[in-house]
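The lines below spell out each chain.
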Amino acid sequence: MVLAGKLQAETLVRAPAEKFHEIYMHRPHHISNASPEKIQKCHLHEGDWGSPGSIIEWNYVIDRNNRTSKQVVEAIDVKNKSITFKVIEGDILKEYKSFKIVLQTLSKGDFTLVRWIFEYETRAPIKELEFLIHLNEHIDDHLGQA
């Protein structure tokens, strides 16, 4: 029996929603500057930064284990500051039959609400979600210094 599910988390950051959305849309390769202990490398495998259909490859660390993930950018909604990634290769697919990540940023007064949504088949991806929540803090600090 396959368990299909959706897991969502929201955090508040100080960086403007536009900046947070923009770093994931056009400059995800800069995220390793904000959090080198979590993101070792991010590079464009195919297509153009910020374009649906582009393929991005990530090298990252969870629980002191080096991992890789190749993701296709399925959708970008600039107006709603939302990006949808579908994992097509990598370590995460050893644990999940399918895995999709949706990132949305929403302005909330002086703060930004960062919403992560995981759509998956198999077990609940708690450690992956915790990883991204902690990464938010590093990116927020990095954007605050820019």
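Residues numbered from 1 in each chain as written. Predicted model: local features only at pLDDT ≥ 70, side-chain atom pairs only at ≥ 80, totals over all residues. Heavy atoms only, no water.

### Some thoughts on the overall build of the chain
As a reminder of what qualifies: Secondary structure elements follow DSSP: runs of H or I of four or more residues count as helices, runs of E of two or more count as strands, with numbering from the N terminus. Radius of gyration here is computed from C-alpha atoms only, and the compact-globule reference equals 2.2 Å multiplied by the residue count raised to the power 0.38. For the exposure calls, accessible area comes from a 1.4 Å probe over protein chains only, and a residue counts as buried if that area is under 20% of its type's maximum, exposed if over 50%, partly exposed in between. The Shrake-Rupley method, run with a 1.4 Å probe, gives the accessible areas here. Residue values count only the displayed protein chains as cover. His residues and chain termini do not enter the charge count, which takes Lys and Arg as positive and Asp and Glu as negative. To locate a charge, take NZ of a lysine, CZ of an arginine, CG of an aspartate or CD of a glutamate.
For the chain, the helix and strand inventory stands at four helices and seven strands. In sequence order, the secondary structure elements of the chain are arranged as β-α-α-β-β-β-β-α-β-β-α. Against the globule reference of 15 Å for 146 residues, the chain gives a C-alpha radius of gyration of 14 Å, in line with a compact fold. Its C-alpha atoms put the chain at 45 × 30 × 25 Å along the principal axes. In the chain, which comprises 146 residues, the proportion classed as buried is 45%. Carbon and sulfur atoms make up 49% of the accessible area of the chain, which totals about 7600 Å². Taken together, the 19 basic and 21 acidic charged side chains of the chain have centroids lying 2 Å from each other.

### Remarks on the sheet that holds strand β6 (residues 99-108)
Under the convention used in this document: A pair of strands is labelled paired if DSSP reports no fewer than 2 bridges between them. Axis lines are fitted to C-alpha atoms, over the contacting stretch for helices. Their N-to-C directions set the angle, which ranges from 0 to 180 degrees.
Spatially, the seven strands line up as an open sheet ordered β1-β7-β6-β5-β4-β3-β2, and their pairing is antiparallel. With partners counted over all chains shown, the strands left at the sheet margins are β1 (4-13) and β2 (39-46), one partner each. Averaged over all pairs of adjacent strands, the angle between their axes in this sheet comes to 25 degrees, without regard to strand direction. Pairing between β6 and strand β7 (residues 111-121): 10 bridges, direction antiparallel.

### Here's the deal with the packing of aromatic side chains
For any pair of aromatic rings, the description consists of the separation of the ring centres together with the inter-plane angle of the planes. For clarity, the threshold we go by: Planes of paired rings set the category: under 30 degrees apart is stacked, over 60 is edge-to-face and the rest tilted, where pairs are Phe, Tyr or Trp rings (Trp by its six-membered ring) whose centres lie within 6.5 Å.
A full pass over the atoms with the stated rule returns six aromatic pairs. Between Y24 and W116, the aromatic rings sit 5.4 Å apart at their centres with planes inclined by 80 degrees, giving edge-to-face as the arrangement. Taken together, the residues Y24 in helix α1 (residues 17-25) and W116 in strand β7 connect sequence positions 92 residues apart. Here Y24 falls in the buried class, since its relative accessible area comes to 4%. Here the aromatic cluster, defined as three or more aromatic residues joined through ring pairs, consists of Y96, F99, F118 and Y120.

### As for the packing of α1 against helix α4 (residues 126-145)
What counts is decided by this rule: Here the word oblique covers every angle except those under 35 degrees (roughly parallel), over 145 (roughly antiparallel) and from 65 to 115 (roughly perpendicular). Working rule for contacts: check all heavy atoms of both residues, and any pair within 4.5 Å makes them a contact. In the scheme used here, Gly and all other residues not listed as nonpolar or charged are polar, with Ala, Val, Leu, Ile, Met, Phe, Trp, Tyr, Cys and Pro taken as nonpolar and Asp, Glu, Lys and Arg as charged.
α4 packs onto α1 with a crossing angle of 110 degrees between their chain directions and a minimal axis gap of 11 Å. Our classification of the angle between α1 and α4 gives roughly perpendicular. Contacts between α1 and α4 involve K19, F20, I23 and Y24 from the first element and L135, N136, I139, D140, H142 and L143 from the second. Of the residues belonging to the contact of α1 with α4, the class tally is six nonpolar, two polar and two charged.

### Considerations on the confidence of the model for the chain
As a reminder, the rule being used: Residue-level confidence of the predictor is what pLDDT reports, using numbers from 0 through 100.
Counting all residues, the mean pLDDT for the chain is 92, and 96% of those residues have values of 70 or more. Confidence, expressed as mean pLDDT per element, reaches its minimum in the chain at α4 with 86 and its maximum at strand β5 (residues 82-90) with 98.

### A word on the nonpolar core
Nonpolar side chains in soluble globular proteins tend to end up buried together. Quick note on the threshold: Among the buried residues, those of types Ala, Val, Leu, Ile, Met, Phe, Trp, Tyr and Cys that are joined through side-chain atoms within 4.5 Å form a nonpolar core.
Counting residues in hydrophobic clusters, the biggest one holds 35 residues, and the most contacted among them are Y24 and I139. In terms of residues, this core owes the most to one element, α4, which gives six residues. Ignoring sequence-local partners within four residues, the contact set of I139 consists of F20, I23, Y24, I31 and A34.

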